[in-house]
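Structural features, examined
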Amino acid sequence: CLDEFWYMIALFGTLHQPNAQQAQDLHLPMFTGSTMRISHNAGWQGECDTFVLWSKYLYIGGNNPFNSFYSTLDAASTPHGGNFARPGWWDTISTHGLRAIRHSPFLFVRKFIDNPRLADGPNFVQAYVANVLW
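Summarised in this report is the structure supplied together with it. Since the model is a prediction, treat every value here as computed from it, not as a measurement.

About the cut-offs
- Residues numbered from 1 in each chain as written.
- Predicted model: local features only at pLDDT ≥ 70, side-chain atom pairs only at ≥ 80, totals over all residues.
- Heavy atoms only, no water.
- Helix = DSSP H or I, 4+ residues; strand = E, 2+ residues; numbered from the N terminus.
- Buried < 20%, exposed > 50% of the residue type's maximum accessible area, 1.4 Å probe, protein only.
- Phe/Tyr/Trp six-rings, centres within 6.5 Å; stacked < 30°, edge-to-face > 60°.
- Lys NZ or Arg CZ within 6 Å of the ring centre and 35° of its normal.
- 1 Å grid on protein atoms, 1.4 Å probe; cavity = no way out; pocket = protein on both sides within 12 Å on 5 of 7 lines; lining within 4 Å.
- Points joined across faces, edges and corners; volume = space filled by probe spheres on them.
- Nonpolar A, V, L, I, M, F, W, Y, C, P; charged D, E, K, R; others polar.
- Contact = heavy atoms within 4.5 Å.

1. With respect to unusual backbone geometry
At the junction of Arg-110 and Lys-111, the peptide bond is cis and its omega measures out at 20 degrees in the coordinates. With respect to the element layout, Lys-111 can be found in the loop between β5 (108–109) and β6 (112–118). Of note in this structure, Asn-115 is not a glycine but carries a positive phi near 55 degrees. Summarising the element assignment, Asn-115 is placed in strand β6. What makes Asn-115 exposed here is its relative accessible area of 74%.

Next up, the structure:
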C-alpha cells in the first residue's frame, strides 16, 4: 500500500529477490491478504487500512482495492480527483456513499473537507454516525 511502505520495512526488513528477471513468492509471517508476490506485474498486494485517492494509481490493474471501492460510489459521492501533489478529497457525499465506506475493507477514509455536505439529507454528522459508525 502506497502509504504503508515504512511499516513493511520496519516489520519485515528490506525484501530481497535473488533473480530480478523471475517472479517469486515470499511467505512473510503475519502478512495479511495473501502471499507476497515479487514481480514487475504483480499489481496490488496485502491489505491497505486507509483509502486515499491518488488518481494516477486508481486504475492500476490487478487486485486493486482502491478501484474496487471507488466503483461502488454513486455520482454524488465521487471525490474530487486531486493532482500529482495532492490526493483527492470529498466535499459532498450521499448516504449511499457513506454505506459504501462502511462496507469497504478500509478502516479509514481520507480526505474530507471541514463540514462536508450530505447530498441527500440535512446533516452529514448524523448520517455519518448512523451509516458508518453503527
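2. Considerations on the packing of aromatic side chains
Counted by the stated rule, this structure contains nine aromatic pairs. Ring centres of Phe-66 and Phe-106 lie 5.3 Å apart, and the angle between their planes is 35 degrees; on these two criteria the pair is classed as tilted. With Phe-66 in helix α2 (residues 65–70) and Phe-106 in the loop between α3 (95–103) and β5, this residue pair connects regions lying 40 residues apart in the sequence. Judged on exposure class, the residue Phe-66 and its partner Phe-106 are both buried. Each ring, one from Phe-69 and one from Phe-106, has its centre 6.0 Å from the other, and the planes form 70 degrees; the classification is edge-to-face. With a gap of 37 residues between them, Phe-69 in helix α2 and Phe-106 in the loop between α3 and β5 connect regions that are remote in the sequence. Grouped by ring-pair contacts, the aromatic residues Phe-51, Phe-66, Phe-69, Trp-90, Phe-106, Phe-112, Phe-124 and Tyr-128 constitute a single cluster. One residue, Arg-86, lies across the ring of Trp-89, its end atom 4.2 Å from the ring centre.

3. With respect to the layout of surface pockets
Its boundaries defined by the atoms lining it, the second largest pocket holds a volume of some 170 Å³. Those elements giving two or more residues to the lining of the second largest pocket turn out to be α3, β5 and α4 (124–133). Taken together, the residues of the lining of the second largest pocket sort by class into eight nonpolar, one polar and one charged.

4. Brief notes about α3
The periodicity of an α-helix, 3.6 residues per turn, causes residues three or four places apart in sequence to face the same way. Taken together, the buried positions of α3 are occupied by Thr-95, Gly-97, Leu-98, Ala-100 and Ile-101. Close packing links the buried residues of α3 with α2, β4 (90–93), β5, β6 and α4.

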